[in-house]
Amino acid sequence: MARGILSFPLTSFHDDGSLDLEAFRAHVTAQLATGLGAVFPACGTGEFFSLDENEYGQVVAAAVEAAGGAVPVVAGVGYGWAQAVRFARIAEDAGADALLVLPHYLVAAPQDGLVSQLEHIAARTRLPLIAYQRGQVAYGLQAFRRITEIPGVIGLKDGHSDLDRLQRLTLAAPEGFLFFNGAATAEVQARAYAAVGVPAYSSAVHAFAPEIAGAFFTALRAGDDATVDRLLRDFYVPLVDLRDRVPGYAVSLVKAAARLRGRPVGPVRAPLTEPSAADLAGLKDLLTAGLDLVGAAL
């Protein structure tokens, strides 16, 4: 999965908020055409938290059908372990290859509890698990060693960007254990993550501007620091500044940008909100400038 960008496709909705499965299939197919390392449907960017179980199954099945076995399909599961297991079984039936275990709902938990959460899920699914540490989930070294020993747990996605802690985990990991950069707008920290042994990353930008995401990925792998710096300075960092203005913009801005490109992904579902008119105008200007940097057009 480190050989290509990890795609987290947007879940498409009609204007009335209902699932638009046809538009979702078209979106995933377009993503796959650009060359990917894996597809992660119904995760954070895909508004997992807004999907009911029937919609979830349809979304995962559509992603599996579109991928056609060319790349792994890793579906999101979450909430408490009992709910996560229900979603895991749906993902199994839909043909997913693995599961991304999103942070549990609401409460803080001790390290023993974080380990137990994964143990309960792993014991009840045949699919391999990738743990996601973000928000209230952060594995200490001892807990991390324990989760690597759980049968079926194959990797860790990190969203904390604590590189000191992450380096300690990578050094303690067994051979073949997978790591992923899951920072918000991961490209901004991609070089730093790679330096501690985590080259694979997810790209929200790929959902609306695969030209920019692809150019960045190619430059990063080639050691083309001039291009990486230019894209960071003139596109990615301003995008982060815009994203950080309003909670939830990490998803709603991505959807708005996809609509600006003519992708029929529809609106976000509550509790997320659409960008303001001023922020939408700023997003359009930034997207136009970013595409110009890589020789593409809006």
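The structure this text deals with has already been given above.
All values reported here derive from a predicted model rather than from experimental measurement. (Residues numbered from 1 in each chain as written. Predicted model: local features only at pLDDT ≥ 70, side-chain atom pairs only at ≥ 80, totals over all residues. Heavy atoms only, no water.)

Q: Give me the lowdown on the overall build of the protein, citing residues and values where you can.
A: Each helix and strand counted, the protein has 11 helices and eight strands in total. Overall, the protein is about 50 × 45 × 35 Å in size when its C-alpha atoms are taken along their principal axes. Among the 298 residues that make up the protein, the fraction classed as buried is 52%. Pairs at least 24 residues apart make up 71% of the contacts formed inside the protein by residues separated by at least 6 positions. Only carbon and sulfur atoms are counted for the fraction: they give 53% of the accessible area of the protein, which is about 12300 Å². (Helix = DSSP H or I, 4+ residues; strand = E, 2+ residues; numbered from the N terminus. Buried < 20%, exposed > 50% of the residue type's maximum accessible area, 1.4 Å probe, protein only. Contact = heavy atoms within 4.5 Å. Areas by Shrake-Rupley, 256 points an atom, 1.4 Å probe, with all protein chains shown as cover.)

Q: Could you give me a rundown of the environment of V205, with the residues and numbers involved?
A: Among the secondary structure elements, V205 is positioned in the loop between β8 (202-203) and α8 (210-222). With relative accessibility at 2%, the residue V205 sits in the buried group. Sequence separation of V205 and T185 is 20 residues, and the distance between their C-alpha atoms is 7.5 Å.

Q: How would you explain a nonpolar patch on the surface if you had to name every residue and give the values?
A: There is a patch of nonpolar side chains on the surface, built from Y105, L106 and V107 and spanning about 360 Å² of accessible area. With respect to the secondary-structure elements, L106 resides in the loop between β4 (98-101) and α4 (111-122). (Patch = residues over 30% accessible without salt bridge, like charges linked within 9 Å, V, L, I, M, F, W, Y side chains within 5 Å. Salt bridge = Lys/Arg side-chain N within 4 Å of Asp/Glu carboxyl O.)

Q: Explain the sheet that holds strand β6 (residues 153-158) to me, using residue names and the numbers behind them.
A: Taken together, the five strands give an open sheet; going across it, the order is β3-β4-β5-β6-β7, and neighbouring strands pair in parallel fashion. The open sheet is flanked by β3 (74-77) and β7 (178-181), the only strands paired with a single partner. Here the average twist between neighbouring strands, direction ignored, is 25°. Summarising the sheet, strand β5 (residues 129-133) and β6 pair through five bridges and their orientation is parallel. (Pairing = 2+ DSSP bridges. Axes fitted to C-alpha atoms, helices over the stretch in contact; angles between N-to-C directions.)

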